[in-house]
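Residues per chain are reported as follows:
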Amino acid sequence: LKENEFELPVTFKYIDKYLNPGDRILDMACGTGRYAQEFIQRGYHVGLNDLSEKNMALTLTRLGNHPQILQTEVSDALDAAIWNEGPWDAIVLLGPIYHLISRNKRLDLLRKASASVRKGGYVFTAFMSRTAALLFGLKNNPAGILSKRGTRQLWNSGNDEDFIEDTKWFVNAYFSFFLL
């Protein structure tokens, strides 16, 4: 969020367009709670999940014992029990879609979200494009462009070990590719 000042306002443009204060949102892989904080400030009720105990602790420190927090859980998003606390009005899957390298795991996650959102509800996802990853790599790890394996692997498969992931910012990320 600190790197991209447009992420939060653009994401909330669409969340606020389709949801109403009081709606129940499941924030899967909530990280340190930046989105959850915004959800609460906008009047939404949230269920929070993250794989990291440290992230959940940071989230709860950020949010306190807020009455709009419905439930919290530390677990892998694919095995989370919190899915069953629905149906949810919306499910937000930001990090999991680009941190799961396996296409099958991403599809499993989307199936779980689809099964856990109310009829007529919404699943919000995000991705990072391979072009953006290439530009990020050039800016933050310019020597990585010399790794033919890394840049070729990034472009062909959506992930790499020598170009993007060799920076301090990315680990195990999948970058989407769209042809127009």
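What you are looking at is a predicted structure, and each value in this text was computed from that prediction instead of being measured. (Residues numbered from 1 in each chain as written. Predicted model: local features only at pLDDT ≥ 70, side-chain atom pairs only at ≥ 80, totals over all residues. Heavy atoms only, no water.)

A. Layout of the pattern of salt bridges. Counted according to the given criterion, the structure contains 5 salt bridges. Note that Asp89 is salt-bridged to Arg118, the shortest N-O span being 2.7 Å. A residue pair is termed long-range when its members are at least 10 positions apart, and Asp89 in strand E4 (residues 88–93) and Arg118 in strand E5 (residues 117–125) qualify at 29 residues. On the basis of relative accessibility, which here comes to 13%, the residue Asp89 falls in the buried class. With a relative accessible area of 29%, Arg118 lands in the partly exposed category. (Salt bridge = Lys/Arg side-chain N within 4 Å of Asp/Glu carboxyl O. Helix = DSSP H or I, 4+ residues; strand = E, 2+ residues; numbered from the N terminus. Buried < 20%, exposed > 50% of the residue type's maximum accessible area, 1.4 Å probe, protein only.)

B. Molecular detail of the pairing of strand E1 (residues 24–28). Counting buried residues along E1, 4 of its 5 residues qualify, which places the element largely inside the surrounding structure. In terms of strand pairing, E1 meets strand E2 (residues 45–50) through 4 bridges, oriented parallel. Residue pairing for E2: Leu26 is matched across the bridge by Gly47. One crossover worth recording links E1 to the parallel E2 by way of helix H2 (residues 34–41), and it is right-handed. The pairing of E1 with E4 spans 4 bridges and is classified as parallel. Among the inter-strand pairings, Leu26 is bridged to a residue of E4, identified as Ile91. (Pairing = 2+ DSSP bridges. Right-handed = clockwise from strand over helix to strand, strands pointing away.)

C. Up close: unusual backbone geometry. The omega torsion across Gly86 and Pro87 is 10°, close enough to zero to call that bond cis. Turning to its location among the elements, Pro87 is positioned in the loop between strand E3 (69–74) and E4.

D. Inspection of the side chain of Asp23 at higher detail. Inspection of the secondary structure puts Asp23 in the loop between helix H1 (7–18) and E1. At 2.9 Å, the side chain of Asp23 forms a polar contact with the backbone nitrogen of Asn20. Setting aside residues up to four positions removed in sequence, Asp23 forms contacts with Tyr44, His45 and Asp89. (Polar contact = N/O pair within 3.5 Å; in protein donor to acceptor, adjacent residues only side chain to side chain. Contact = heavy atoms within 4.5 Å.)

These figures come from the coordinates and say nothing about function on their own.
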